[in-house]
Amino acid sequence: MIPQADPSRRIARHRDAVIEAITAVVDGHEYILGSHVERFEEAFASSLGAAHGVGVNSGTDAIALALRATGIGRGDEVLVPALTAAGTAAAVLQAGATPRFVDVELSTRCLDLGATEAAVSGRTAAILAVHLHGHPIDMPRLLEIARHHSLVVIEDCAQAHGASFAGRAIGTFGTAAAFSFYPTKNLGCIGDGGAVITSDPGVAARVRSLRNYGWQDGRRLSATAAGNSRLDALQAAILLALLPHLDAGNAERRVLARRYREMLADSAVGLPAEHPGCVYHQFAITVARRDEIRRLLRERHGIGSAVHYDSPLHLQPAFADFADAPLPVSERLAREMISLPIQPEIANQAVDTIAAAVRSLVGPAERKAA
Ligand SMILES: Cc1ncc(COP(=O)(O)O)c(C=O)c1O
C-alpha cells in the first residue's frame, strides 16, 4: 500500500539528527521554554527573514494568539476562506472574534481576492490569508486591499513553510503569521507545535506573554488572562534538527508536482495552479466521480489518497451560525478534490505509478472541437 502521508518515514530519514536532539533535551534538563525553544525560534524566524519567532503549542493557538496580539477580538469580524482546516476558524472564535467566510478560487484554492474585498463590512477588522496546500497568495494585492480598508492581515502558513511570493518569504507580508508543526506538515515535529512569526516587537512580546499565563517582563504576574500555549522543548529541539532539511524537501515536492503535471496533462483531471513559490504541502487534483476514483485507487492500485477538505467550513455544524450564503467554488472543490501522495519519502519512488493509475482511471481529457 502506498500511503497518502506518513510522517514516520521523514523521521526515519533524519533519525540520527532527531535522536541527537532528543538526547540533548534529556541531558540538558531544560524541559519548559529555555534554550532549545529560543534557538529554534531564532533559526526559524531568520530562515524566513523575520525579526521574531515565538513558539506555541499548535497552529491553531498560533492563529488565535496572533489575532489577540494584534488587537483583534470581541465585536471584530475576520475574513476567512471557507476552504481551510477547521483550526483556522476555530482560532478566530478562540480569540473572541467572528469568522466571515469567503469563497476561494478554483485554480489556487486560496481566497478569491475580489470576493474578499466585496465581503468587507463595517465590522471587518482582519483578513486571515491561508496559503492552502502551500500555494502562495498574491500578498502585495491582498495587502493593498487591507490598506485600503485599514484591516490587519494575519497569514495562516500552516501549509506553507518555505513558500514565497516574488522572492519574499510567505509569512513576512502580514502583521504576523501562524505556522503549525503538526507531524505531516512540510516542517513537522513528533507531536503538536506551532509558531507566530512577526517583525513587530510589540506583537512578539504580546504573543510571548499570551502563551505563558499572561506573564511579562520576567515577572510571574498575569497582566492579561491567558492560558498555557508553550512550544515543548523536545519538539523545538527536533524542529531545529529538521529545519536545515526543509528547503531540500520543498525542492523535492516541486519536482514531484512537475512530474504529476507532465503525466496528467492530457487526462481528465483539473490541476492546481502553478506558482514557482509553491511548496506543495498537498498536490490536489479535481476529478468527476471523486469518491469512486479514490476507492479504485485504493482497491485496484493500493494507493492511498486524502481530501483537504471534504466539507467547507460554512457547511460544518460548528460554524453554521456564520454561514450567510452559498460559496460555490469551495463547495465544488470539496466534492471534486483528491490530494495525491506528495511527501517525498513516499512519492519520490511512486509518483509515476500513482500518476499512471490516476490516468487509467479517469481517462483522457475531452478534446475541444477545433
Ligand atoms: C491551514 C491550517 N490552518 C491551521 C491549522 C491548525 O494547526 P494545528 O493542527 O497545529 O493546530 C492547520 C493544521 O491542521 C492547517 O492546515
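Residues numbered from 1 in each chain as written. Predicted model: local features only at pLDDT ≥ 70, side-chain atom pairs only at ≥ 80, totals over all residues. Heavy atoms only, no water.

## With respect to the site of the ligand
As a reminder, the rule being used: Consider each residue's heavy atoms; a residue with any of them within 4 Å of a molecule or strand counts as near. Counting of polar contacts relies on pairs of N or O atoms within 3.5 Å, with two restrictions inside protein: one atom must be capable of donating a hydrogen and the other of accepting it, and residues adjacent in sequence are counted only when both atoms are side-chain atoms. A 1.4 Å probe and the Shrake-Rupley method give the accessible areas. Residues count as covered only by the protein chains that appear here. As a working rule, the residues Ala, Val, Leu, Ile, Met, Phe, Trp, Tyr, Cys and Pro are called nonpolar, Asp, Glu, Lys and Arg charged, and the rest polar, with Gly in that last group.
Neighbouring the ligand are 14 residues; Gly59, Thr60, Asp156, Gln159 and Ser180 lie closest to it. A distance of 2.8 Å separates an oxygen atom of the ligand from a polar atom in the side chain of Gln159. Computed on the free molecule, the ligand has an accessible area of 390 Å², of which 88% lies beneath the protein chains in the complex. Grouping the amino acids of the shell around the ligand by side-chain chemistry returns five nonpolar, seven polar and two charged.

## Re the pattern of salt bridges
Selection rule: Salt bridges, as used here, are contacts in which a Lys or Arg side-chain nitrogen is within 4 Å of a carboxyl oxygen on Asp or Glu. Secondary structure elements are defined from DSSP: runs of H or I of at least 4 residues count as helices, runs of E of at least 2 residues count as strands, and each element is numbered from the N terminus. Here's how the labels work: a residue is buried when its accessible area is under 20% of the maximum for its type, exposed when over 50%, partly exposed in between, all with a 1.4 Å probe on protein chains only.
Summed over all chains, the structure comprises 15 salt bridges. Arg13 is the salt-bridge partner of Glu345, the closest N and O atoms lying 2.7 Å from each other. You can see Glu345 sitting in helix H13 (residues 344-362) and its partner Arg13 sitting in helix H1 (residues 7-13), a full 332 residues away along the chain. For Arg13, a relative accessible area of 43% corresponds to the partly exposed category. Of the charged contacts in the structure, one is a salt bridge between Arg211 and Glu41, with a shortest N-O distance of 2.8 Å. One end of the pair, Arg211, is in the loop between helix H8 (201-210) and strand E10 (215-216); the other, Glu41, is in helix H3 (residues 35-48), with 170 residues separating them in the sequence. Note on accessibility: Arg211 and Glu41 belong to one class, buried. What emerges from the salt-bridge pattern is a single network uniting Arg13, Glu252 and Glu345.

## Quick notes on the sheet that holds strand E3 (residues 98-102)
In a beta sheet, neighbouring strands are held together by backbone hydrogen bonds and run either parallel or antiparallel to one another. For the record, the criterion: Whether two strands pair comes down to DSSP finding at least two bridges between them. Fitted lines through C-alpha atoms serve as axes, helices being fitted only where they are in contact, and the angles separating the N-to-C directions of these axes extend from 0 to 180 degrees. The contact definition used throughout considers only heavy atoms, calling two residues in contact when any of these lie within 4.5 Å.
The strand order across the open sheet built from seven strands is E1-E9-E8-E5-E4-E2-E3, with neighbouring strands paired in mixed fashion. Each edge of the open sheet is held by one strand with a lone partner, namely strand E1 (52-56) and E3. Adjacent strand axes in the sheet meet at a mean angle of 25 degrees when their direction is disregarded. Running over the sheet, H3 touches E1, strand E8 (176-180) and strand E9 (194-198) and is turned about 130 degrees from E1. The sheet contacts of helix H5 (residues 86-94) involve strand E2 (77-81), E3, strand E4 (124-130) and strand E5 (152-156), and relative to E3 the element is tilted by about 150 degrees.

## Some points on the packing of aromatic side chains
To describe a pair of aromatic rings, one takes the distance between the centres and the angle between the planes. Here is the rule we go by: In summary, the pairing rule links any two rings of Phe, Tyr or Trp, Trp by its six-membered ring, whose centres are within 6.5 Å, and it sorts them by plane angle into stacked for under 30 degrees, edge-to-face for over 60 and tilted for everything else.
According to the stated counting rule, one finds eight aromatic pairs in the structure shown. Considering the side-chain rings of Phe40 and Phe44, the 5.5 Å spacing of their centres and the 15 degrees angle between planes classify their relative orientation as stacked. Taken together, the positions of Phe40 and Phe44, both in helix H3 and four residues apart, correspond to about one turn of that helix. Relative accessible area serves as the criterion here: at 1%, Phe40 is assigned to the buried category.

## Things to note about the domain arrangement of the protein
Applied cut-off: In this document the domain limits rely on a domain assignment from an automatic tool or a database. Values labelled buried area give the accessible surface lost by two parts on being combined, using a 1.4 Å probe and summing over both.
When cut into domains, the protein gives domain 1 (7-244) and domain 2 (246-362). In this assembly, 44 residues from domain 1 lie in contact with 39 residues from domain 2. Taken together, the two surfaces of domain 1 and domain 2 that pack against each other cover about 3,500 Å², and 60% of this comes from carbon and sulfur. The interface formed by domain 1 and domain 2 holds three salt bridges in total. Between Arg13 and Glu252 there is a salt bridge, with its nearest N and O atoms 2.9 Å apart. Linking domain 1 to domain 2 there are 19 residue pairs in polar contact (both at pLDDT 80 or more). Counting only elements with at least two residues in the side of domain 1 that touches domain 2, the list comes to H1, H5, E3 and strand E6 (164-165). Take the side of domain 1 that touches domain 2: its biggest share by element is five residues, from E3. Along the lines of polarity and charge, the residues of the side of domain 1 that touches domain 2 split into 23 nonpolar, 13 polar and eight charged.

## Examining the side chain of Arg109
You can see Arg109 is positioned in the loop between E3 and helix H6 (113-118). Residue contacts for Arg109: discarding those within four places in its chain leaves Leu83, Val104, Leu132, His133, Gly270, Leu271, Pro272, Ala284, Ile285, Thr286, Leu333 and Met337.

## Remarks on the side chain of Asp103
Within the secondary structure, Asp103 is located in the loop between E3 and H6. Side-chain polar atoms of Asp103 contact the side chain of Ser330, separated by 2.6 Å. Dropping the residues within four chain positions of it, Asp103 is found in contact with Leu111, Asp112, Leu327, Pro328, Val329 and Ser330.

## Let's talk about the nonpolar core
Counted only if it meets this: Here the nonpolar core consists of buried residues drawn from Ala, Val, Leu, Ile, Met, Phe, Trp, Tyr and Cys, with membership extended through side-chain atoms lying within 4.5 Å.
The biggest cluster of nonpolar side chains holds 62 residues, and the ones touching the most others in it are Phe40, Phe44, Met139, Leu142, Phe181 and Leu187. Elements that contribute at least two residues to this core include exactly helix H2 (15-28), H3, E4, helix H7 (139-148), E8, E9, helix H9 (233-242) and helix H12 (328-336). At eight residues, H9 tops the list of elements feeding residues into this core.

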